[in-house]
Amino acid sequence: MEKHLAQALKALDGFDPQLLKRPDDLTIYRLGFVQLEYQKVLESSTIITQATVERYRAVPWQRLHRLRQRWVHGYFSVKLQEVHDEVVQQGPVLRKAVRAALRAYRAEGLTPP
């Protein structure tokens, strides 16, 4: 989960949001990759147990699940701007929460989900 989130954020390093106004093939490909990596993070929200949700409330599980549903079932209605904004605005916050949850899991000798 953390690895995919890191890859999505790294792919946007130095990305110029102005490219979204008239995206070329490379921009579309790059954001497609970002969406795919972020979507892998979102997929994790579908296999998390209720006990994990309650234990690690800092991770916005419900929001992740709703976004996953939108991206997976929205098909062609998901806009590049939406992908960019989500990853740039929420990615770092999510990464911090996921890292904290994973550290807590490992500290207790558990295998992270």
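Please refer to the structure higher up on the page.
Residues numbered from 1 in each chain as written. Predicted model: local features only at pLDDT ≥ 70, side-chain atom pairs only at ≥ 80, totals over all residues. Heavy atoms only, no water.

Would you take a moment to explain the nonpolar core for this structure?
One recurring pattern in soluble globular proteins is that nonpolar side chains are buried together. In terms of nonpolar packing, the biggest core is built from 28 residues, with Leu-31, Val-34, Tyr-38, Val-59, Trp-71, Val-87 and Leu-94 touching the most fellow members. Elements with a minimum of two residues in this core: α1 (2–11), α2 (25–44), α4 (61–73) and α5 (80–107). The residues touching Leu-94, leaving out its near neighbours within four places in the chain, are Leu-5, Tyr-38, Val-41, Val-59, Pro-60 and Leu-64. (Core = buried A, V, L, I, M, F, W, Y, C linked by side-chain atoms within 4.5 Å. Buried < 20%, exposed > 50% of the residue type's maximum accessible area, 1.4 Å probe, protein only. Helix = DSSP H or I, 4+ residues; strand = E, 2+ residues; numbered from the N terminus. Contact = heavy atoms within 4.5 Å.)

What is the right way to read α2 from this model?
Each full turn of the α-helix corresponds to 3.6 residues, which orients residues three or four apart in the same direction. Relative to the 28 Å expected for 20 residues at 1.5 Å per residue, α2 spans 29 Å between its end C-alpha atoms, a close match to the ideal helical length. When α2 is considered as a whole, its buried residues turn out to be Thr-27, Leu-31, Val-34, Gln-35, Glu-37, Tyr-38, Gln-39, Val-41, Leu-42 and Ser-44. (Expected span 1.5 Å × (residues − 1).)

What is the right way to read the side chain of Thr-27 from this model?
Assignment of secondary structure puts Thr-27 in helix α2. Not counting residues within four places of it along the chain, the set of residues in contact with Thr-27 comprises Phe-15 and Leu-19.

When you look at the environment of Val-83 in this model, what are you seeing that I'm missing?
The topology assignment puts Val-83 in helix α5. Overall, Val-83 belongs to the buried group, its relative accessible area being 1%. Distance in space between the C-alpha atoms of Val-83 and Gly-32 is 8.6 Å, their sequence separation being 51 residues. Among all residues touching Val-83, those that are not within four sequence positions of it are Leu-31, Val-34, Gln-35, Trp-71 and Val-78.

Sorry, what's going on with the side chain of Gln-35 here?
Residue position: Gln-35 is located in helix α2. In this view, Gln-35 contacts Trp-71, Val-78 and Val-83; residues no more than four positions away in its chain are not counted.

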